[in-house]
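Each chain, letter by letter, is given below.
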Amino acid sequence: MLRPIVTAWQDRAAWLVIVLGLALLLVPHRLRISAAQPLQTALLAPLRLSTAVSQSLHDARAENERLSLLAVRLAVENARLEAASQTAAAGPSVGLVLTGAPVIGRDLTTFEHWLIISRGSLHGIRPGEPVITPDGVCGKVIACGPHQSLVQTLLAPESRIAVLNIRSRVPALARPDRSGQLVLDYAPKESDFKPGDTLVTAGIGTVFPKGLRVGDVTSVPDRPEALFKPVTIRPFADVSRVERVFVISLPEGAQPDTGAVWIENTAPPEVTIPDQPAGQ
Amino acid sequence: MRTFVAFVLLYLLFLVQASVTPWWPDLVLLGLIIVSLHENRIASALAGAFAGLCLDVTSPAFMGTHLFTLAATGYGVAVLRTVFYRARWATFLFTAIALALKWAADGLLGTGLPGLPVMLVSSFLTLLLAPLAELSLTGLLYHGWQTA
């Protein structure tokens, strides 16, 4: 038999709670929302916390994965550099000398093909030695007088320089074009060159030591009909404005390294340079 | 102490309920029905009010809907359980009635009905889970406790 519901005090209290719920529905909308906000913050705090912890864990895992990949890459790079360093240490070492030289003359047609510098054989400079600027390779010495030398720049039509892409390690031969830039000759169509790649001297071209900065790739146009990849390079050194260069020389009496470091195989042209530039 | 643990359990069920989709079974309702099968009338009504308040904060614009519905459910189960003393199908019946009350309150007073597929799936899963919830929660909360 059912006991009368509303008789006991428990029943009255329970009904009170139920009526309270109904009464809440009659409270104005805005008041209900403002009253619920602190309750919401308190009651949902564990959920928010768990979401934040879960997000942090997810971020930490992603970061851990990224750093692991980076560690692997760095380990590979470290091993490569160690191998390169051991190879370099095993070979003969030659102390190179940098000789600073102001530019005192230029060719009068383009200002870019030839430079005259105010250092010569009396300063230890010899034909065939590379000439650089703080930005990158500038050219090479092709003739020396006692006090002056003639420098053939990278942009001289006869200039050729072996370069190496430091990202993809692809070697190629660079020559100047008529727009003050360099282009690559004989770069295979499958070779990996992208705009922005930095090129350094390859050390296989007999004049320049390996690793001197030459320029960066500005464009690799897609020409299906071309036999080789047309890669255009902007030289780092602005030879039309350079005012001071450095000649890389071997110390007196030292023999040049073989292989990638230093080979001099180009005979200097028969050029006679006066001790003082013309007109001075 | 037992009642306090029951409230904590309902809060934990609410946290789970708040973080899953509407297709899930109504865990808070199931928990409340099981608690109300063992607590006295006022504790059942208060447990329902607490569970309803928790659910109401997720939709503050309709605050009071769940509080009213679940307080009535808790009280109703505590009253009706004496009629069906320990009958196994009583839990099914209570759950079905509570679900009907809940959907009616949602439709008439609350946020509105979620759509027939969601209602059917959620109700079916809730009914399916009812015996299991009774067995597990009764074993967890009410075995080994000294009754007052």
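Here, every reference points to the structure presented above.
Residues numbered from 1 in each chain as written. Chains lettered and ligands numbered in written order. Predicted model: local features only at pLDDT ≥ 70, side-chain atom pairs only at ≥ 80, totals over all residues.

Asker: Just checking my understanding: could you explain the sheet that holds strand S2 (residues 114-117) of chain A for this structure?
Answerer: Residues and elements named next belong to chain A. Here six strands make up a closed barrel; going around it, the order is S1-S2-S5-S4-S3-S12 and the pairing antiparallel. Recorded for the sheet is a direction-independent mean angle of 45° between the axes of neighbouring strands. As defined by bridge partners, strand S4 (residues 137-144) adjoins strand S5 (residues 149-153) across five bridges and the pair is classed as antiparallel. Looking at S5, one finds that Ala143 is bridged to Leu150. (Pairing = 2+ DSSP bridges. Helix = DSSP H or I, 4+ residues; strand = E, 2+ residues; numbered from the N terminus. Axes fitted to C-alpha atoms, helices over the stretch in contact; angles between N-to-C directions.)

Asker: Help me understand unusual backbone geometry, please; the structure alone is not making it clear to me.
Answerer: Glycine aside, residues mostly have negative phi, and peptide bonds are mostly found in the trans state. All names here are of chain A. In this model, Arg169 sits at a positive phi of 60°, which is unusual for a non-glycine residue. Residue position: Arg169 is located in the loop between strand S6 (161-165) and strand S7 (171-176). Located in the positive-phi region is Tyr186, a residue other than glycine, with phi close to 65°. Looking at the secondary structure, you find Tyr186 in the loop between strand S8 (182-185) and strand S9 (198-201).

Asker: Explain the packing of helix H1 (residues 2-18) of chain B against helix H2 (residues 27-36) of chain B to me, please; I cannot follow it from the model alone.
Answerer: The description of two helices packed together rests on the angle between their axes and the distance between the axes. All names here are of chain B. Where H1 meets H2, the axes come as close as 8 Å, and the angle between the chain directions of the two elements is 165°. Comparing their axes, H2 and H1 come out roughly antiparallel. Note that H1 runs across H2; the crossing there is right-handed. Here H1 contributes Ala6, Leu9, Leu10, Leu13, Phe14, Val16 and Gln17 to the contact with H2, which in turn contributes Leu27, Val28, Gly31, Leu32 and Val35. The class makeup of the residues in the contact of H1 with H2 is ten nonpolar, two polar and no charged. (Parallel < 35°, antiparallel > 145°, perpendicular 65-115°, else oblique. Left-handed = near helix turned anticlockwise from the far one by under 90°. Contact = placed C-beta atoms within 7 Å. Nonpolar A, V, L, I, M, F, W, Y, C, P; charged D, E, K, R; others polar.)

Asker: What is the right way to read the pairing of S5 of chain A from this model?
Answerer: Remark: a regular strand shows side chains that alternate across the two faces of the sheet. Residue and element names in this part refer to chain A. Where burial is concerned, most of S5 is hidden: five out of the five residues are buried. Along S5, one buried face is formed by Ser149, Val151 and Thr153 and the opposite face, lined by Leu150 and Gln152, is buried too. Sheet topology places S2 next to S5; four bridges connect them, and they run antiparallel. Bridge pairing in S5 links Leu115 to Val151. Counted along the chain from S4 to the antiparallel partner S5, the turn is four residues long. (Buried ≥ 20, exposed ≤ 12 C-beta atoms within 10 Å, placed from the backbone.)

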